[in-house]
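Chain by chain, the residues:
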Amino acid sequence: MNVETVEDGNPAANSPAPHAEVIKVMSEGDKEYDAIHSRSTFEEIVYKVKECFGLKSSDEAQGIRILRSNDRAFNTEQKFSSNYISTTKYSVYTFLIVNLAEQFMRLANTYFLVIFILQLIPQIAALEWYTSLMPLLFVLCVTATKDALDDIARWKSDKSINNRTTLVLRDGKWTEDLWYKVECGDLVKLKNNDAVPADMLLISTSAPNGLGFIETAELDGETNLKVRQSLVETEPFLDDVEKLSNFYGRVECEPPNNRLDKFMGLLAIENIEDNEQDFAKYSLDNDKILLRGMLLKNTAWAVGLVIFTGHQTKLMMNSGKPILKRTNVDKLLNRIVYYILGLLLVLCVVCGIGSFIWESIQGQYFAARYNEYVDIDTPILIAVLRIPSYIIVLNTLVPISLYVSVEMIRLGQSFFINWDIAMYHNESDTPAKARSTALNEELGQIKYVFSDKTGTLTQNVMVFLKGSINGVVYGDNVDDSSENLQKGECDFSWNRWADPKFTYSDQNLLKAVQAGDEEVDKYFKVLSLCHTVMSEYEEDGSLHFQAQSPDEEALLTAARNFGYVYKSRTQKTITMELNGEEEDYELLALLDFDNVRKRMSIILRCPDGRVRLFCKGADTTVIPLINKKRPDLLEVTLDHMNVFARTGLRTLIIAMKDISDADFIEWNKIYETASIAMTNRDEKVAAAYDLIEADLDLVGSTAIEDKLQDGVPETIANLARASIKIWVLTGDKQETAINIGYSCKLIKQTMEVFILEGDDNDDVRVEIKELKYKLKDSKKLGKQKGVDAEFALVVAGSTLRFALEDNLKEEFTKLAMQCGAVICCRVTPLQKALVVRLVKNYLPAGSDDQNNITLAIGDGANDVSMIREAHIGVGISGKEGRQAVLASDFCFAQFRFLERLLLVHGHWSYIRMCKFLSYFFFKNFAFTLVQLFYSPFCGFSAQTILDPIYITLYNVVFTSMPVMLVGVLDQELAVENAPPEVYEVGQLNQLFNQQAFALAGFHGFVVAAACLFIPYQMFAESISYTGMDQQSMYFIGTAIAGIITIVVNFQVALETTLWTVYNHILTWGSICMWFLLFLIFCSPFAYTFSPETFFYFDSLYRVVETRTWWLIMFLTLVICIFPAIGYRLYVILTQPTLLQEVMYNIEKDKETRLTTLTNTLTRPLKEIADHLPQAPFRHKGANLMETRNQLSKRHLRPSSAHTSTRGYAFAGTAGMGKMIQDGEAFVQKPRTDKRFNASQIVNVDGDDLPPAVVPRLSQAGPLVRPRSGSVRGSQRKASRVVNVD
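Predicted, not measured: the structure shown is a model, and the values here were computed from it. (Residues numbered from 1 in each chain as written. Predicted model: local features only at pLDDT ≥ 70, side-chain atom pairs only at ≥ 80, totals over all residues. Heavy atoms only, no water.)

A. The arrangement of the overall build of the protein in detail. Scanning the protein for helices and strands turns up 46 helices and 34 strands. The buried share of the protein, taken over its 1285 residues, is 53%. Once local pairs closer than 6 in sequence are excluded, the contacts in the protein between residues at least 24 apart make up 74%. Carbon and sulfur atoms form 57% of the exposed surface of the protein, whose accessible area is close to 57900 Å². (Helix = DSSP H or I, 4+ residues; strand = E, 2+ residues; numbered from the N terminus. Buried < 20%, exposed > 50% of the residue type's maximum accessible area, 1.4 Å probe, protein only. Contact = heavy atoms within 4.5 Å. Areas by Shrake-Rupley, 256 points an atom, 1.4 Å probe, with all protein chains shown as cover.)

B. Representation of the environment of Phe 1035 in the model. With respect to the helices, strands and loops of the structure, Phe 1035 is situated in helix α36 (residues 1033–1055). Given a relative accessible area of 1%, Phe 1035 falls into the buried group. For the pair Phe 1035 and Ile 945, spaced 90 residues apart in sequence, the C-alpha separation works out to 9.6 Å.

C. Seen up close, the sheet that holds strand β6 (residues 199–205). Pairing is antiparallel across the open sheet formed by six strands, whose spatial order is β4-β3-β5-β14-β6-β12. The sheet is open, and its two borders are formed by β4 (173–178) and β12 (289–290), each paired with just one other strand. (Pairing = 2+ DSSP bridges.)

D. Layout of empty space enclosed by the protein. One pass over the full model with this rule turns up four cavities of 30 Å³ or more. Of the voids in this model, the largest cavity is the one considered here, and its volume is about 130 Å³. What lines the largest cavity is a set of 15 residues, among which Phe 112, Pro 135, Thr 396, Ile 400 and Asn 955 lie closest to the centre. (1 Å grid on protein atoms, 1.4 Å probe; cavity = no way out; pocket = protein on both sides within 12 Å on 5 of 7 lines; lining within 4 Å. Points joined across faces, edges and corners; volume = space filled by probe spheres on them.)

E. Seen up close, the packing of helix α11 (residues 328–361) against helix α14 (residues 402–419). Closest axis-to-axis distance for the α11/α14 pair is 12 Å, and the angle between their directions is 165 degrees. With respect to each other, α11 and α14 are oriented roughly antiparallel. For the pair α11 and α14, the sense of crossing is right-handed. Together, Asp 330, Leu 333, Asn 334 and Val 337 of α11 and Leu 402, Tyr 403, Val 406 and Arg 410 of α14 make up the contact between the two elements. (Axes fitted to C-alpha atoms, helices over the stretch in contact; angles between N-to-C directions. Parallel < 35°, antiparallel > 145°, perpendicular 65-115°, else oblique. Left-handed = near helix turned anticlockwise from the far one by under 90°.)

F. Quick peek at helix α35 (residues 994–1019). Over its 26 residues, α35 extends 38 Å from the first C-alpha to the last, a length consistent with the 38 Å expected when each residue adds 1.5 Å. Of the residues flanking the start of α35, the one acting as N-cap is Asn 993, its side-chain oxygen 3.1 Å from the backbone nitrogen of Gln 995. (Expected span 1.5 Å × (residues − 1). Polar contact = N/O pair within 3.5 Å; in protein donor to acceptor, adjacent residues only side chain to side chain.)

G. Just unusual backbone geometry, in detail. Positive phi, close to 75 degrees, is recorded for Asn 193, a residue that is not glycine. With respect to the secondary-structure elements, Asn 193 resides in the loop between β5 (187–191) and β6. With phi around 65 degrees, Ser 723 is a residue other than glycine that occupies positive phi space. In this structure, Ser 723 sits in the loop between α23 (712–721) and β28 (725–729).

H. Focus on the state of the cysteines. Within the structure shown, the criterion is met by zero disulfides. The thiol sulfur of Cys 825 is not disulfide-bonded, and the nearest other cysteine sulfur, from Cys 824, lies at 7.3 Å. (Disulfide = S-S within 2.5 Å.)

I. Highlighting helix α13 (residues 379–393). The end-to-end C-alpha separation of α13 is 20 Å, in line with the 21 Å expected for 15 residues at 1.5 Å each. Of all the bends in α13, the greatest, near 25 degrees, is centred on Ile 387, and the proline Pro 388 appears no more than four residues after it. (Bend = angle between axes of the 7 residues up to and from the residue.)

J. Representation of a negative patch on the surface within the structure. Taken together, Glu 757, Asp 759, Asp 760 and Asp 763 make up a surface patch of like negative charges. Secondary-structure assignment places Asp 759 in the loop between β29 (752–756) and α25 (761–785). For Asp 759, a relative accessible area of 57% corresponds to the exposed category. (Patch = residues over 30% accessible without salt bridge, like charges linked within 9 Å, V, L, I, M, F, W, Y side chains within 5 Å. Salt bridge = Lys/Arg side-chain N within 4 Å of Asp/Glu carboxyl O. Lys, Arg positive; Asp, Glu negative; His and termini not counted. Charge placed at Lys NZ, Arg CZ, Asp CG, Glu CD.)

K. Summary view of the confidence of the model for the protein. In this model, the protein carries an average pLDDT of 77, and 78% of its residues clear a pLDDT of 70 or more. The low-confidence segment residues 272–277 (pLDDT under 50) makes eight contacts with residues lying over four places distant or belonging to another chain. In this model residues 1171–1285 is a low-confidence stretch, pLDDT under 50, and it forms 193 contacts with partners more than four residues away in sequence or in other chains. (pLDDT = per-residue confidence, 0-100.)

L. Region of interest: the environment of Leu 708. You can see Leu 708 is positioned in strand β27 (residues 697–708). Classification of Leu 708 by relative accessible area gives buried; the value is 18%. Placed 32 residues apart in sequence, Leu 708 and Ile 740 show a C-alpha to C-alpha distance of 8.4 Å. Residues within four places of Leu 708 in sequence aside, it is in contact with Leu 457, Thr 458, Gln 459, Pro 713, Ile 740, Ser 743 and Cys 744.

M. Expanded view of the packing of aromatic side chains. What the rule picks out here adds up to 51 aromatic pairs. Between Phe 416 and Trp 419, the ring centres sit 5.8 Å apart and the planes meet at 75 degrees, which makes this aromatic pair edge-to-face. With a gap of three residues between them, Phe 416 and Trp 419 both fall in helix α14, about one helical turn apart. Classification of Phe 416 as partly exposed rests on a relative accessible area of 33%. Measuring from ring centre to ring centre gives 5.6 Å for Phe 754 and Phe 791, while their planes differ by 20 degrees; the resulting arrangement is stacked. In this pair, Phe 754 sits in strand β29 while Phe 791 sits in strand β30 (residues 791–795), placing the two residues 37 residues apart along the sequence. Like Phe 791, Phe 754 is buried. Members of the aromatic cluster, each reached through a chain of ring pairs, are Phe 927, Tyr 950, Tyr 954, Phe 958, Trp 1074, Phe 1075, Phe 1078, Phe 1081, Trp 1109 and Trp 1110. Over the aromatic face of Trp 179 sits the side chain of Arg 164, whose NZ or CZ is 5.0 Å from the ring centroid. It is Arg 801 that lies over the ring of Phe 802; its NZ or CZ is 4.4 Å from the centre. (Phe/Tyr/Trp six-rings, centres within 6.5 Å; stacked < 30°, edge-to-face > 60°. Lys NZ or Arg CZ within 6 Å of the ring centre and 35° of its normal.)

Structure (structure tokens):
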């Protein structure tokens, strides 16, 4: 019992005085938490405002929360938050104002609002007000509707939660009340499967010893049950109304915070009736707290005291806005908008100058007309007014609908990720999910992938495989061959508690157990007693374990099968069955595991009365605690562990010691004092742990196997071919990490492995310098041999801390980024985030653009920090809970799906977005610059040549839908035809950059000039065959509008690679829509309805009946489209990208196969029969397909030898043996610059390629086809090495 005596009758007298310091422990874990969850600037402002006006609650002002049970008057004075929650952004009254304020924070929206205001001024209004208002309203309404629907969904969710009911103790009885009416200090009763309405201190439960089981899926995604336990002093209250009504407890605890895994507080139990002078304070920690969002499980009822309510609960404080991630495309778009604004101002000033010149020369003849509106008779004043007029006329240079269109395209792309059956995991019924819809195109630009190992690369299904006990290795004869397994497999049929799924292949260990070996007995007792696992019994009597760690479950399962059966536990005891008899161990202290200690210990009083400490943990933290009584045993055990690690196994050290009663009593006083400290409690408790965890006796070590997931080696190989560098950040030992690196093909057999393992800053600096020289020399030697040298870097756990220091991190980053693979061992969660940040923010010398796009992938809570830090975070829904998934941008069930996410969806999304943006700016420039080129013909008066209605509908109706469909559906290459190497177009950002924007603008400039000057000159001073005048502004304006619509839609047709029925409907339908709408707008009915709006009356009818217009339209289309086609061909022939090379060869192969097929069909039937293979009749195309596959495979088969290297992980199982069977062990590293040989995707000669492509492809290596993520026919699988339709 943790007790602190209070000397007077008032427990508040000796309670910590109110102070402003927030209770926190600055351990390494806390520093990590603060680094990741720092308070935002907005929250800091709110905090300061509340402080100035005295609006803070008492615990905010004092840095400590004080509340009393059954005392609402006292608690109300503390100004605690109510339990009402609201996650909505708006209310009915604030929606319009707040939403509009948010939307007008976007520069484009504000710009068009200014344009609309300018259009309301008659002196400068060059266009009707609706030309800018209608597109602006469309964008605002679409965005507002989306925001409103999202907020309504949040409001409905809040309402359903706030109106849930629970039992609250009111006026001496349990009363059902709504959640939002629960207040701090209330006593609440929960029933089985009830959700916890607020953060509460557990008072009592229906289970013995105050135990309660809870599920935390809503908090961290974990579905395994966890245990909570009340204080011994409050357990007798049970659910007795009378006892609970007379319970007056005073809680002093930390103020509200978002730390789910920590709680510090004290409970003083008062008895105001007896007015006693001595009271006790009891330590409160996280094991006694029920958090909002938890579910009560396997417990009939539980009573709790409410401590935090509403938005001050830990769940709500962890529901803040996620970190805003913006893609490089977003950043570039913002810069481009500023460029366009600058260009717009320049053009308007130029037009103002032109107006001044024209007015000075010709304006005097038009002065009378101006005087009708305003007394303007000076050219300079007229020119000044023309500048805002031209801002109105040319306003469409700034793309108002761009952002909305981009969001809709990304949403469509996200749906295809969610619907991809090839990324669906059938075993766990888990589809892929795009949790963020704003990062799709950046998936196609990844350069660095940071991956966790356990549960991400491996299955996280742990199996106890080997052990070292008293210097003897057990399980050493485990082999994959069925003969050995049958020969040595243990028979556990004698044990009724044995898990039938567990097998062990060394009978020597079973014999040692049955013989009563003392050291083996100690070993398995540590495994079966030193843990935090909860046991469960099914209806059939079978025993199951609820473990937070798969490692613990694996160790317990092994001990259980060998006869050391953990049965149950209470607050004070642990029950184990040994040789059919139950033994009860008194639990004296539990020294829990954390990421800093990396070990756990338990102190028990054994049935023989002796006090013993059992300990297990990582070798780095346990070995320093081992005594030196048997140095030979320690040396042998370490050797065994190194052997285990080299075979890819996870290891733990097992130790124990006997403690005298006097020593334990003395230590327990120190521990109890530390456990109730209100400042630096964790540091004091850790120091107490260190006192007792000293001078341990070594028992042995464990070795647990965690197999690789399916498809991991192939995925890593294909990502490497795509020039994506993979860094593995793991907490495992160096030897284990290196071995896993080989087995998953992260480290290739041809790589030179560098190991960085300095013990201090100076050593690390020297090692980095030496490795840089070695790397440089190896590159020179590789060039001399004509082979590209490849390197892998392994960073030891103690070394990384120094490498991340300010004076070394830049040199370390330079070294690591030159390596093809990097493995960091013994990495903490904070270090994972720091490594990601280091690469993400690295700027090469002479560069001002950060283009190291990073992706972090993991499956556990320790991966959350790096997932949030990276540009893109991917969560694996594995066995370590769902915290990684909840923090991620994309999630799926298996690491192998990362290949499809990046090389298929990411690649497609990048190309689609680039096509959309280039075309979007092109069409806006082509449309807007027509107005600019018309300025000299109207005396720079800001008169428009186009119908205002056409200006309004151009972006919304006539040109937007086809390119948006391209942005969602287009495909340059089918999955089976796309080698990983084409992924480089995104990494090099080749398709959309500032140069591409400038080219799109120039293209629009040329098209605008052609669309204006050709029709204008052709129709100048002309009349139709009916005698009608064809040089009116209305006639020419309608003619130009039609030509622009046709030209820009034909241009999007050129950009479309994958044609579907929807593309045809929208592309050609947009042109038809222009004819249809203008037939209506130019009709007599429209003119009669509103002459001021539809004043282009009859113009379309006159245009379409003029045969000259059709000729001009065709001529202009040819002049606009053919140069674009010619430029594209020029680029393909002279400076093709790898993607264009592959596409060229695919088309060339189609032509070759078509010619061959044509020639074959024209040959005589007898000649064809003579060439048919002598085989049973099959499908008419089967023989041809199989023959071509065989020839293609023979053509692509490598012929040179491969050299083997040391220490392959699974040389005796699925490692080197499989490589030998597959032929991979005999493949010499090709002499290549790692570029993909695009010419080998088809069977064509170099003479068929463009002149510029042949020399580039002649240096490339052989093609190895990527794995396909979808299941296709057997013929498709057999033919993947060549391009097959």
